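# Coordinate analysis (summary)
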Amino acid sequence: MAKHKAATEITIVQEERSAFQQWVDRYKWPALGLLAAVSAVILFRTNQAQSALESDRAAWGELHEARTGALPGERASSLMSAADRLEGPLASWALFEAAGNQAFGGKQDDVEAARAAFVRATSGDQVHPLLEKIEFPVGLDGAESTLSAAMEQRLSREATWLEQYGNEVYDNPPLPDGHPRVELVTDKGTILIGLYEDLAPEHVANFLKLVNEGSYDGTRFHRTMTGSMIQGGDPNSKDLDAKDTWGQGGPGYTIPAEESGLIHVEGALAAAKKGGASDSSGSQFYITAQPMHDQFDGRYVVYGVVIEGLDIVQEISNGETVEGEAEKPLEAVVLTSARVLE
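In short, a report on the structure.

What counts and how
Residues numbered from 1 in each chain as written. Predicted model: local features only at pLDDT ≥ 70, side-chain atom pairs only at ≥ 80, totals over all residues. Heavy atoms only, no water. Core = buried A, V, L, I, M, F, W, Y, C linked by side-chain atoms within 4.5 Å. Buried < 20%, exposed > 50% of the residue type's maximum accessible area, 1.4 Å probe, protein only. Contact = heavy atoms within 4.5 Å. Helix = DSSP H or I, 4+ residues; strand = E, 2+ residues; numbered from the N terminus. Polar contact = N/O pair within 3.5 Å; in protein donor to acceptor, adjacent residues only side chain to side chain. Pairing = 2+ DSSP bridges. 1 Å grid on protein atoms, 1.4 Å probe; cavity = no way out; pocket = protein on both sides within 12 Å on 5 of 7 lines; lining within 4 Å. Points joined across faces, edges and corners; volume = space filled by probe spheres on them. Axes fitted to C-alpha atoms, helices over the stretch in contact; angles between N-to-C directions. Parallel < 35°, antiparallel > 145°, perpendicular 65-115°, else oblique. Left-handed = near helix turned anticlockwise from the far one by under 90°. Nonpolar A, V, L, I, M, F, W, Y, C, P; charged D, E, K, R; others polar.

In this structure, Leu 195, Phe 207, Phe 285, Ile 287 and Tyr 303 are the most contacted members of the largest nonpolar core, which totals 28 residues. The residues contacting Tyr 303, other than those within four sequence positions of it, are Gly 194, Leu 195, Tyr 196, Ala 200, His 203, Val 204, Phe 207, Leu 262, Leu 269, Ala 270, Ala 271 and Phe 285. Listed in part, the 25 residues of the second largest apolar core include Leu 63, Ala 98, Leu 147 and Leu 155.

See the structure below:
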């Protein structure tokens, strides 16, 4: 009979675990629980941030809609209504814009309404930080000032002007018989200009010369002041690759100032000039979208007025601007062609 071998004894050797492995075994489940809790908090805050972003987008959208009215009075009314629906600093900003649009209607009631809106905009603990905490070159001749201080000065000047001249609506004299007319065709619409050849003959003659030479064709309105004015006529603005030179160009000469006696009514055509200069630019001009007596009267030469297309001027003036640069349009409107009408 075959003999069976005795069973071989098997010894199982258990490997000793390192201190790190023991630490992992001990704490991995609490750590995973903590990670899950942190992830939940991050997700919750992300959702909150997304909701806040959507709310901000809606609020800014409402503010943008309120400022798209064609006339300053319409925009002021819309902005006041929007301010009642908005909250916090954005409501303050809406009231500030409303004050700016209301201020220059040419009547004491307008200035008083603007003052009331301005006081609301700068009162309480929810004042927009851009109004009082940062200085911008918004004073006369580009002096540094807060937006709040600049508005205070504008309201005071307008009130003083009204006290001096009363509530009558001042206007320029009628255009003379047979006055020259110029048609400005833009990619937003057509603007028809009448010229005061009798009151500013040198400026009018130069403007007509440049129009007939085609100098303005393809230029852009390179500067806008929201609801106030548009500026163009710089030959440099034809070149999209030279935006840093826009506003600096001209035909190589200037025009001596003329005492036309004309004021900056709504739709006034006037000659631009460099800061501190006495002579007018050889080609650059601006058109007011609203009366701008206290800002420009006596400082620049007015030589024409909009006959048709004031709504186009106002639309261009209210175009979107580059963030942080209030007078630089995001997409400058093109002056496609200019021609003298028979």
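Now that the structure has been shown, we can carry on.
Following the sequence through the fold, Ala 277 ends up in the loop between strand 9 (268–271) and strand 10 (280–281). In this structure Ala 277 comes out as partly exposed when scored by relative accessible area, which is 30%.

Checked against the element boundaries, Glu 97 lands in helix 3 (residues 88–102). Exposure remark for Glu 97: the relative accessible area of 14% places this residue in the buried category. A polar contact of 2.6 Å, which involves the side chain of Glu 97, links it to the side chain of Trp 93. Ignoring sequence-local partners within four residues, the contact set of Glu 97 consists of Leu 63, Arg 67 and Leu 79.

In this section: the pairing of strand 11 (residues 285–288). Side-chain alternation along strand 11 places Phe 285 and Ile 287 on one buried face and Tyr 286 and Thr 288 on a second face that is also buried. By the bridge criterion, four bridges tie strand 7 (residues 229–232) to strand 11 in an arrangement that is antiparallel. For Gly 232, the partnering residue across the bridge sits in strand 11 and is Phe 285. Both strand 9 and strand 11 contribute to a ladder of three bridges, which runs antiparallel. Pairing of Ala 271 across the sheet is with Phe 285, part of strand 11.

Here we come to empty space enclosed by the protein. Counted according to the given criterion, the structure contains one cavity of 30 Å³ or more. Looking at the largest cavity, its volume works out to about 70 Å³. Around the largest cavity sit His 203, Asn 206, Phe 207, Tyr 216, Ile 255, Ala 271, Ser 281, Gly 282, Ser 283, Gln 284 and Tyr 303, which together line it. Among the elements that take part in the lining of the largest cavity, helix 7 (residues 201–212) stands out by supplying three residues, more than any other.

In this section: the packing of helix 3 against helix 4 (residues 108–121). Their axes nearest at 8 Å, the elements helix 3 and helix 4 cross at an angle of 165°. Considering the angle they form, helix 3 stands roughly antiparallel to helix 4. Judged by the sense of rotation from one axis to the other, the crossing of helix 3 with helix 4 is left-handed. Two secondary-structure elements touch here, helix 3 through Ser 92, Leu 95, Phe 96, Ala 99 and Gln 102 and helix 4 through Asp 110, Ala 113, Ala 114, Ala 117, Phe 118, Arg 120 and Ala 121. Within the contact of helix 3 with helix 4, the residues separate by chemical class into eight nonpolar, two polar and two charged.

Judged by pairing direction, the sheet is antiparallel, and its nine strands sit side by side in the order 5-15-3-4-12-9-11-7-6 without closing on themselves. Edge strands, defined here as strands with exactly one partner in the open sheet, are strand 5 (219–220) and strand 6 (223–225). Here strand 4 (residues 189–195) runs beside strand 12 (residues 302–308); their pairing, made up of four bridges, is antiparallel. By the bridge assignment for strand 12, Leu 195 is matched with Gly 304. Packed onto the sheet, helix 7 meets strand 3 (181–186), strand 4, strand 9, strand 11, strand 12 and strand 15 (334–341) and runs at close to 115° relative to strand 15.

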